[in-house]
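Residue-level listing of the chains:
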Amino acid sequence: VPVDPSHKRHKSLLEYATISNRPPLHGDRKEEAWTGAPRRHRTASRGKDVFAEQSRSAKFARQEPASPLPRGRTDLSREGVADHQRERVIAAIATMLAERGYGELTVERIITGARISRTTFYDLFANKQAAVLFAQETLFQRFIEAIRAACEEQQEWPEKVKAAIATTLDFAEARPAQTQLLAAEFLAGDPAIAARARSSHDRLADLLGEGRRHYPKTAALPPMTEQALISALRSLITRGLVMEEAEQIAGMGSQLVELTLIPYLGSAASPRSARRHDFLSRRRLRAERLHPRLPPGPQRAARLSR
Amino acid sequence: MIPERPMISAEFVADFRRRKITDVLAELCVEQGYRATTVADVVTRAQTSRNTVCQYFDSREQIFLALLVRSIGELLDRTKAACQAAEPERRLEAGLGAVLDWVAEVPAAAWVCFVEASCATPESLRRYFMALAEFATLLRGNFPAVISRPVITEESLVGGIASILRFRIYNGEASRAPELLSELTDFLHLPFLATPTR
């Protein structure tokens, strides 16, 4: 496995875990608040995702679009109007799930929240399941795009992890209901929706698992480490949202980074005290007791060459 | 001769009926899910009357929450007992073992606590996270204190393990939960990985 040469000398875990010097991610959020409708529309952009433009300029618009388009003629194309309606459906589903849970989610409640008619809803989606799947798919796509963009700005792998976590927290802060929808597992609900949630979970775990390429010794880690780490992050963030501890989420950043990096970089605890509890090194310590490792020098070279 | 009324206290009867009703809901949740289960189903299965159910619980959600609180309480008590019985350095393993054994022994309650609780109602989700916090506190008390670690370590470990168990239970592998003991014990020790792995 090729090892990235940029990792010759790695910083300490705590150096990576301080988030204070991260690039500004949502500095332009205030000026670019969501106004309800896409600002400009050109006929040339028919079929394009107008919301993609929006989300690029304001990293994550804080407000979720709930209000319908103004009455009367609109300069949006048919497709633009449909996009806006779909967007409202996503927001309504997210809000409804956060408020009442999947058990209480009905088409009736979705259309009331999104302020569209039942006919329009069925023009856009085949049924409730399709709408929820679309919401999951769209939101996850946006989320993973944001993470990818944040990671691309960084060189070192731990910095990428840090950027990804900062982005996630920004997303959670700006769009709590949508984040809860993304993090939900839906296991007791629809199997198709649960499978969708599972596959996005796996994609995140695979993304984190790329770290193993940079740290060859991580081969000794249990295979489900990444799964467990992603679950842990997900559980912590959902907890913060459900228990309404928003400020706590924002303050968790550096701890989340530290926690995520420990399996790859090792604990920041003093090595001597930590080693006693290091389950992976136990075997190695025993081996060293039996065959003490010689300090570097001619004697050791002689033994190794034998 | 009129048979004597059995000498059973009113509290005992109430407890028994509550238990019966909640147990029935657990069974039904496993069979058809919380969403599809109605109070009428519970009444039929428990062979009681709607009046009796309404006497003890206001709604389906109340039955579910009572069931959840009871099951979580049982699990927490067992885990605490197992931790206290074990030697200090094997406490994590003993506590984890108790949780896994419980999952295998009472799959219906495990299904409710792990799978249904996290998406039945917002209140049940809150209870679920409160339970996670209790387990995190338990874990914090049993970790070796010498190690410095992020404050959220315990909560994330508990959350990660709960999530792994949830998928196992969802896939119908509740009875094989104890097999996960060694791998999950390794996971609990993850924050103590001391050596930089390069």
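Anyway, here's the lowdown on the structure attached to this text. These figures come from a predicted structure and were not determined experimentally.

This paragraph deals with the environment of R126(B). Inspection of the secondary structure puts R126(B) in helix α7 (residues 122-142). With sequence-adjacent residues up to four places away left out, R126(B) is seen in contact with V242(A) and M243(A).

Okay, the packing of helix α4 (residues 60-85) of chain B against helix α5 (residues 91-105) of chain B next. Residues and elements named next belong to chain B. Taken N-terminus to C-terminus, the directions of α4 and α5 make an angle of 145°; their axes are 8 Å apart at the nearest point. By crossing handedness, the relation of α4 to α5 is classed as right-handed. When α4 is examined against α5, the residues S71, E74, L75, R78, T79, A82, C83 and Q84 are found in contact with a partner set consisting of R91, A94, G95, A98, V99, D101, W102 and E105. Looking at side-chain class alone, the contact of α4 with α5 contains 7 nonpolar, 4 polar and 5 charged residues.

Right, let's talk about the side chain of T185(B) for a bit. Residue and element names in this part refer to chain B. Residue position: T185 is located in helix α9 (residues 181-188). With relative accessibility at 7%, the residue T185 sits in the buried group. Excluding its chain neighbours within four sequence positions, the residues that come into contact with T185 are E93 and L96.

As a further point, take the nonpolar core. Counting residues in each nonpolar core, the largest one holds 70 residues, and the members touching the most others are F64(B), W102(B), V103(B), F114(B), L165(B), I169(B) and L184(B). Considering each element in turn, this core owes the most residues, 9 residues, to α7(B). Apart from the residues within four sequence positions on either side, V103(B) is in contact with A110(B), F114(B), I169(B), A174(B) and A177(B). Counting residues in hydrophobic clusters, the runner-up holds 58 residues, among them L105(A), L124(A), F140(A) and W157(A).

All names here are of chain B. Taken as a whole, this structure holds 8 cavities of 30 Å³ or more when the rule is applied. Its volume calculated, the largest cavity comes out at about 400 Å³. Lining of the largest cavity is provided by 23 residues; of these, T79, V99, F135, V158 and I161 occupy positions nearest its centre. Among the secondary structure elements, those contributing two or more residues to the lining of the largest cavity are α4, α5, α6 (107-116), α7 and α8 (153-170). The element that contributes the greatest number of residues to the lining of the largest cavity is α7, accounting for 7 residues.

Quick notes on the rules
Residue numbering note: each chain is counted from 1, following its sequence as written. Chain labels run from A onward and ligand labels from 1 onward, assigned in the order the entries are written. For a predicted model such as this one, the threshold for reporting local features is a pLDDT of at least 70, and the threshold for listing and counting side-chain atom pairs is 80 or more; totals across whole chains, interfaces and linings nevertheless cover every residue. Note: side-chain values were computed over all heavy atoms of the structure, leaving out hydrogens and water. Here a helix means four or more residues in a row that DSSP labels H or I, a strand means two or more in a row labelled E, and each is numbered from the N terminus. We call two residues in contact when some of their heavy atoms are within 4.5 Å. Structural elements are reduced to axes, namely lines fitted to C-alpha atoms, with helices fitted over the stretch in contact, and the angle between N-to-C directions of any two is expressed from 0 to 180 degrees. Take the far helix as your reference; a near helix turned counterclockwise from it by less than a right angle gives a left-handed crossing, and one turned clockwise gives a right-handed crossing. Residue polarity is assigned by list, with Asp, Glu, Lys and Arg as charged and Ala, Val, Leu, Ile, Met, Phe, Trp, Tyr, Cys and Pro as nonpolar; anything else, Gly included, falls into the polar class. Buried, partly exposed and exposed residues are distinguished by accessible area as a fraction of the type maximum, computed with a 1.4 Å probe on protein chains only: under 20%, between the cut-offs, and over 50%, respectively. Note on terminology: a nonpolar core comprises buried Ala, Val, Leu, Ile, Met, Phe, Trp, Tyr and Cys residues joined through side-chain atoms within 4.5 Å. Cavities and pockets were defined on a 1 Å grid built from protein atoms only: a cavity is a group of points that admits a 1.4 Å probe but offers it no way out, a pocket is an open group of points flanked by protein on both sides within 12 Å along at least five of seven lines, and a lining residue is one with an atom within 4 Å of any such point. Grid points are joined across faces, edges and corners, and a volume is the space filled by probe spheres set on the points.

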